[in-house]
Amino acid sequence: MSDNHEPLLVVDGLSKRYGAQLGCRDVGFSLWPGEVVGVVGESGSGKTTLLNCISARLTPDDGVVRYRTRLGTLSDIYQMSEPERRMLMRTDWAFVHQNPRDGLRMKVSAGANVGERLMAVGARHYGNIRGAADDWLSKVEIDTGRIDDLPATFSGGMQQRLQIARNLVTGPRLVFMDEPTGGLDVSVQARLLDLMRGLVGELGLAAVIVTHDLAVARLLSHRLMVMWRGEVVEQGLTDQVLDDPQHPYTQLLVSSVLQP
Amino acid sequence: MAETSGYNFAYLDEQTKRMIRRALLKAIAVPGYQVPFASREMPMPYGWGTGGIQVTASIVGRDDVLKVIDQGADDTTNAVSIRKFFKRTAGIETTTQTHEANIIQTRHRIPEEDLRADQIMVFQVPIPEPLRFLEPRETETRKMHALEEYGLMHVKLYEDISQHGHIATTYAYPVAVKQRYVMDPSPIPKFDNPKINRSPALMLFGAGREKRIYAVPPFTDVHSLDFEDFPFEIQTWREACALCGATGSFLDEIVTDDAGGRMFVCSDTDFCEKRREAGHAGPALAAEGAV
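These figures come from a predicted structure and were not determined experimentally.

Asks: Which residues make up the overall build of chain A, and what values do they have?
Replies: In terms of regular secondary structure, chain A is built from 10 helices and 10 strands. A globule of 260 residues ought to have a C-alpha radius of gyration of about 18 Å, and chain A, at 18 Å, matches this closely. Looking at chain A as a whole, 54% of its 260 residues are labelled buried. Summarising the internal contacts of chain A: among those between residues at least 6 apart in sequence, 67% fall at separations of at least 24. As presented, chain A carries roughly 11,400 Å² of accessible surface, and 49% of it is formed by carbon and sulfur atoms.

Asks: Run through unusual backbone geometry, naming residues and quoting values.
Replies: Residue and element names in this part refer to chain B. Positive phi values are uncommon outside glycine, yet Tyr11 reaches one of about 70 degrees. Considering the arrangement of structural elements, one finds Tyr11 in the segment before α1 (14–29). You can call Tyr11 partly exposed: its relative accessible area is 21%.

Asks: Would you mind going over the sheet that holds strand β7 (residues 174–178) of chain A in detail, with residue names and values included?
Replies: Residue and element names in this part refer to chain A. Spatial strand order, β6-β7-β8-β3-β9-β10: six strands in an open sheet with mixed pairing. Of all strands in the sheet, those with a lone pairing partner are β6 (93–96) and β10 (231–237), marking the two edges. Neighbour-to-neighbour, the strand axes of this sheet turn through a mean angle of 15 degrees, independent of strand direction. Sheet topology note: the β7/strand β8 (residues 206–210) ladder contains five bridges and is parallel.

Asks: An account of the interface of chain A and chain B is needed here, citing residue identities and associated values.
Replies: When the parts of a complex come together, some accessible area is lost, and that lost area is often taken as the interface size. Taken together, the contact between chain A and chain B spans 20 residues of the former and 20 residues of the latter. Between chain A and chain B, a total of about 1,800 Å² is buried, with carbon and sulfur atoms accounting for 58% of that surface. On the chain A side of the contact with chain B, Arg86, Arg124 and Tyr126 of chain A bury the most area, a combined 40% of that side's loss. For the pair chain A and chain B, the number of links is four salt bridges. Between Glu149 of chain B and Arg90 of chain A there is a salt bridge whose closest N-O contact spans 2.8 Å. The tally of links between chain A and chain B comes to 13 residue pairs in polar contact (both at pLDDT 80 or more). When residues of the side of chain A that touches chain B are traced back to their parent elements, those giving at least two are α2 (82–91), α4 (110–120) and α5 (126–139) of chain A. Of all the elements, α4 of chain A adds the most residues to the side of chain A that touches chain B, at five residues. Grouping the amino acids of the side of chain A that touches chain B by side-chain chemistry returns eight nonpolar, four polar and eight charged.

Asks: Go over the sheet that holds strand β5 (residues 74–76) of chain A, please, and point to the residues and values.
Replies: Residues and elements named next belong to chain A. Spatially, the four strands line up as an open sheet ordered β2-β1-β4-β5, and their pairing is antiparallel. The sheet is open, and its two borders are formed by β2 (21–31) and β5, each paired with just one other strand. For this sheet the average axis-to-axis angle between neighbouring strands, irrespective of direction, equals 25 degrees. As judged from the five bridges shared by strand β1 (residues 9–18) and strand β4 (residues 62–68), these two strands associate in the antiparallel manner. Bridge pairing links Asp12 to Val64 in β4. Each of β1, β2 and β4 is contacted by helix α1 (residues 47–54), which is oriented at about 125 degrees to β1, the strand it contacts most.

Asks: Describe in detail the pattern of salt bridges, supporting the description with residues and values.
Replies: Opposite charge on two side chains makes pairing possible when the charged atoms of those side chains draw close. Overall, the coordinates contain 35 salt bridges over all chains when judged by the stated rule. One salt bridge connects Glu149 of chain B with Arg86 of chain A, and the closest N-O pair in it is separated by 2.7 Å. Linking Glu149 of chain B in the loop between α4 (138–146) and α5 (151–164) with Arg86 of chain A in helix α2, this pair reaches from one chain into another. Accessibility expressed as a relative area gives 15% for Arg86 of chain A, which makes it buried.

Asks: Which residues make up the nonpolar core, and what values do they have?
Replies: Counting 57 residues, the largest nonpolar core has Val114, Leu162, Ile164 and Val175 of chain A together with Tyr158 and Phe227 of chain B as its most contacted members. If you count residues domain by domain, this core takes at least three from each of domain 1 (9–92 + 173–258) and domain 2 (106–171) of chain A. Ranked by size, the runner-up nonpolar core spans 30 residues in total, among them Leu14, Cys53, Tyr67 and Met227 of chain A.

Asks: Describe the packing of helix α2 (residues 50–59) of chain B against helix α3 (residues 77–90) of chain B, with residues and values.
Replies: All names here are of chain B. The N-to-C vectors of α2 and α3 enclose an angle of 30 degrees; their axes lie 12 Å apart at closest approach. In terms of their interaxial angle, α2 and α3 are classed as roughly parallel. Like other packed secondary-structure pairs, α2 and α3 cross with a definite hand, here right-handed. The residues of α3 that touch α2, namely those facing Ile53, Thr56 and Ala57, are Ile82, Phe85 and Phe86. Considered class by class, the residues forming the contact of α2 with α3 number five nonpolar, one polar and no charged.

Asks: Before we move on, can you summarise the packing of α4 of chain A against α5 of chain A with the specific residues and values?
Replies: Relative orientation and spacing of two packed helices are given, respectively, by the angle between their axes and the distance between those axes. All names here are of chain A. At a closest axis distance of 9 Å, the pairing of α4 and α5 adopts a crossing angle of 120 degrees. With respect to their mutual orientation, α4 and α5 come out oblique. As α4 packs across α5, the resulting crossing turns out to be right-handed. Side by side, α4 and α5 meet where Gly111, Val114, Gly115, Leu118 and Met119 of the first sit next to Ile129, Ala132, Ala133, Trp136 and Leu137 of the second. When its residues are assigned to classes, the contact of α4 with α5 shows eight nonpolar, two polar and no charged.

Asks: Outline the packing of aromatic side chains, supporting the account with residue identities and numerical values.
Replies: Within this structure, the stated rule accounts for 17 aromatic pairs over all chains. For the pair Phe95 of chain A and Phe176 of chain A, a centre-to-centre distance of 6.4 Å together with 35 degrees between the ring planes defines the contact as tilted. Here Phe95 of chain A is found in strand β6, whereas its partner Phe176 of chain A is found in strand β7, with 81 residues between them in sequence. Phe176 of chain A carries the same exposure label as Phe95 of chain A, and that label is buried. On the numbers, 4.8 Å between centres and 5 degrees between planes, the contact of Phe205 of chain B with Tyr214 of chain B is stacked. Judged on exposure class, the residue Phe205 of chain B and its partner Tyr214 of chain B are both buried. Ring pairs connect the aromatic residues Tyr67, Trp93, Phe95 and Phe176 of chain A, which therefore count as one cluster.

Rules used in this analysis
- Residues numbered from 1 in each chain as written.
- Chains lettered and ligands numbered in written order.
- Predicted model: local features only at pLDDT ≥ 70, side-chain atom pairs only at ≥ 80, totals over all residues.
- Heavy atoms only, no water.
- Helix = DSSP H or I, 4+ residues; strand = E, 2+ residues; numbered from the N terminus.
- Rg over C-alpha atoms; globule rule 2.2 N^0.38 Å.
- Buried < 20%, exposed > 50% of the residue type's maximum accessible area, 1.4 Å probe, protein only.
- Contact = heavy atoms within 4.5 Å.
- Areas by Shrake-Rupley, 256 points an atom, 1.4 Å probe, with all protein chains shown as cover.
- Pairing = 2+ DSSP bridges.
- Axes fitted to C-alpha atoms, helices over the stretch in contact; angles between N-to-C directions.
- Buried area = accessible area lost by both parts, 1.4 Å probe.
- Salt bridge = Lys/Arg side-chain N within 4 Å of Asp/Glu carboxyl O.
- Polar contact = N/O pair within 3.5 Å; in protein donor to acceptor, adjacent residues only side chain to side chain.
- Nonpolar A, V, L, I, M, F, W, Y, C, P; charged D, E, K, R; others polar.
- Core = buried A, V, L, I, M, F, W, Y, C linked by side-chain atoms within 4.5 Å.
- Domains from an automatic or database assignment.
- Parallel < 35°, antiparallel > 145°, perpendicular 65-115°, else oblique.
- Left-handed = near helix turned anticlockwise from the far one by under 90°.
- Phe/Tyr/Trp six-rings, centres within 6.5 Å; stacked < 30°, edge-to-face > 60°.

Pasting the structure below:
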């Protein structure tokens, strides 16, 4: 791992509009290696727009997103050439979709799903690819006997774990997650969160996690950004923001959660 | 047969031929790259070789000798009709013998006989895009070709091995042309893939419905994709050809009765006939001779 004192991702003045509709406005933050930032807010507050903009999936109208490549230079991801950017997206970065069907290739087996990124970066030894797939399936607690099964035969929680394995196989440094636990029942959610927390810690990943679930945010993220109507209204350490909210919207958000 | 009057030489008008020739030149200049062209309606349905016919019509001259094969055979409907078509519209010589022809239009096979530098192969291609069934978006596959992102092709081969224990793709087996473009060699059996590699003959591929032309120039490296631990292999047969006794040719299995009787014969009819003329005899003929 390179110098941990340098930020991995620097976002500055990011804005995106959809015609008259505001996506997000003037968002800026930095992310350091090994750090997990949560983005919370209600539906339509611009969380996903922000995530797409910083993960090179949606060109912003304004602002810059700079990423520290493995060479150590901080480069604007929208100034890179397309091959460079696509290479970055499938090696150094990972994107976990809310719906695993968006992130998986449903017509090929679990093993091929995990191996795809390896083959995309030039792995040409079947035995090694299969070995890595096997390894990753057990890391995400999927029975390795199901390596040749189609993801469609997996349960929702397994599909989500498979998606994570598929993304992490190339050893990315930065993971983007869009509501990774959305649509899963509570016990499956808990297992997934446990797994993700373990992996993030073990691999020293930096992550940006978009969620509307404050419990997920509290469990996974070190820092929290609260979005409201396209703007970041409050950011700080997770516990600080959740235990001592300053902005009226954050106060509303925190107080709306049922305490079991 | 009499030449049909009222049509331009080889059916297509000169402007169309010019357009196709330009596409062909570009295709030859960028081996394996799919060049779009304004494919014309031909007097036959799509899927019957409209792409191949347009290519042949654009390159054929008055002195050329044409051979047309379909699944290796010279006497099938498709092959006979296309030969007749060019005989009528261009008044050219046609042949069934590989060594006599200088243009060979084909569907599904490359002749067994070694090709020469003065011969041109024209392939009829149904689906030119090797990534089609892996990535349905044409915009995306074009980008993948442009950026040389071919990992997905290996995902298919991986699936083959994981499901069948070996690479089960037997035809339209993807190849990398000159270490750059991944190309579908049209639905020829993978048995024929090595024949494209560094072939002295020019190979032209025409897809009429999909409106694409691509080419492999003579002496170009063509590598069939594989894994290090599962190298590319061609089909082999335990039997020899029942008629001519050949062992190194591509064999078709022919069911001879409804009691499970079957025999294996060369799919290349010209090759098989030549061998029989030269005195070779397979088990089926040898048995007949004995009676």
